Amino acid sequence: MKHKITRYQLFEMVFFLTHGFLITGLFPTLFSLSKTGSLFAIFLGTILGCLFLLLLEQVRKKDVLAILDSYFPNVFRIFFKIVLFFSFSLLSGVLLFEQTNYTTYNLLIGSSPIIISLIFLILIFFIAKEKIEVLARFQEVLFFLFCLCFVLLVVGLSPLANPDLLKPLAGEHVWEATLFYFPTTTIPMSLLLFLPKQKVDLPQKQTKYIIVSYLLGNLFVLLLSILILSILGPDLASIYRYPETVILKKISYFSFVERMEGSLSILYLLDLTVFLTFTIHAARNCLRSIFTKNHFLLDLFQGILIFFLSFHLPTNRGSLLLYFGGFFLSFIVLLFLVLRFSKKKEKIPES
């Protein structure tokens, strides 16, 4: 048991990953697509996400790297590991860029993005080098901090909400907004491929914890969306770069405790930190499964690659989201089909 993570740590991990894309432009894009209809888009995207998780649970019986080693020829095995490594490295570059951007834009205004990016990368990289059990304990501490910040956020913002700004609830382009929101909550779930059921206690009850955690994570996004729209209105909410941070500037406790946005902004950085940590950890495992020696050089190569990618990303983030969503969904479906076909194949001699 000491080598396994608890189901509560799995719950916290899924909760963080559900809104790992929160400060990467999720809200302004969502609101510009469907205004107040984005609330329905979140609901529909959550339903699609639950179906995706049920599919993912069929694949999580083994570590994804073990599945590749067991069921794929050597050439395809190496090919998929390389593609996974570069995909997770590219995703890490995107997350590092957004984390640096958010920090220099809202918290450390005027600071050098290069220095801030290096600090984040070095700190998170050393955390990501640990085993999955250590990472689970790390995010367990962050979860309590998240809950505290969230309570303060709700208490401070609820009196400012104006329900009239949510009318009309039926917005346009709801389906387009749903197709945008759905991959933002499911792409991070692909990291569960590196956490097979055997590494978590009570494997038979994991699906329930994952689904409940995913629903609560989406509920957090829904509540935050309602607060943003009911305070700023749909038009302003779609214009601001970080509307989730703008509303924090309006918080005032007891009429004299003000300017809390700097402290409460940690709430949004926690999601991205957990997401980035597990993404770098997954990319590192993929690379080390191909090259078993010179780990220091491999880590150095990975760190330089992520740092380089974070400053040389495509200007069209939508194309990256489309790539990540299409690739991980297709890859999980492929693994599902391979495992199902292999099962049938094993039963043939017995009949």
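Parameters at a glance
Residues numbered from 1 in each chain as written. Predicted model: local features only at pLDDT ≥ 70, side-chain atom pairs only at ≥ 80, totals over all residues. Heavy atoms only, no water. Helix = DSSP H or I, 4+ residues; strand = E, 2+ residues; numbered from the N terminus. Rg over C-alpha atoms; globule rule 2.2 N^0.38 Å. Buried < 20%, exposed > 50% of the residue type's maximum accessible area, 1.4 Å probe, protein only. Contact = heavy atoms within 4.5 Å. 1 Å grid on protein atoms, 1.4 Å probe; cavity = no way out; pocket = protein on both sides within 12 Å on 5 of 7 lines; lining within 4 Å. Points joined across faces, edges and corners; volume = space filled by probe spheres on them. Nonpolar A, V, L, I, M, F, W, Y, C, P; charged D, E, K, R; others polar. Polar contact = N/O pair within 3.5 Å; in protein donor to acceptor, adjacent residues only side chain to side chain.

Visitor: Would you explain the overall build of the protein in this entry?
Guide: Helices and strands together make up the secondary structure of the protein, namely 15 helices and zero strands. Since a compact globule built from 351 residues should have a radius of gyration of about 20 Å, the 21 Å found for the protein is in line with a globular shape. In terms of overall dimensions, the protein has C-alpha extents of about 70 × 45 × 40 Å along its principal axes. Across the 351 residues of the protein, 54% fall into the buried class.

Visitor: Looking at this model, I keep getting lost on the environment of V246. Mind explaining?
Guide: By the secondary structure assignment, V246 is in helix 11 (residues 243–246). Under the relative-accessibility criterion, V246 is labelled buried at 18%. Linking V246 and F80, residues 166 residues apart in sequence, is a C-alpha distance of 42 Å. If near-sequence neighbours (up to four positions away) are discounted, V246 is found in contact with L232 and Y240.

Visitor: For this particular structure, what's the right way to read the environment of L68?
Guide: Turning to its location among the elements, L68 is positioned in helix 4 (residues 64–71). Of the residues examined, L68 reaches a relative accessible area of 0% and is grouped as buried. Between the alpha carbons of L68 and F80 there is a distance of 7.9 Å; along the sequence they are twelve residues apart. The contact partners of L68, leaving out residues within four places of it in the chain, are R77, F80, K81, L84, F331 and L335.

Visitor: Would you mind showing me how to read empty space enclosed by the protein here?
Guide: For the coordinates displayed, the defined rule picks out one cavity of 30 Å³ or more. Taken together, the residues of the lining of the largest cavity break down into seven nonpolar, one polar and no charged.

Visitor: Help me understand the environment of V174 in this model?
Guide: Note on placement: V174 falls in helix 8 (residues 174–186). Residues V174 and I42, spaced 132 residues apart in sequence, show a C-alpha to C-alpha distance of 9.3 Å.

Visitor: Would you mind showing me how to read the side chain of S92 here?
Guide: With respect to the helices, strands and loops of the structure, S92 is situated in helix 5 (residues 74–107). Within polar-contact distance, the side chain of S92 engages the backbone oxygen of F88 at 2.7 Å.

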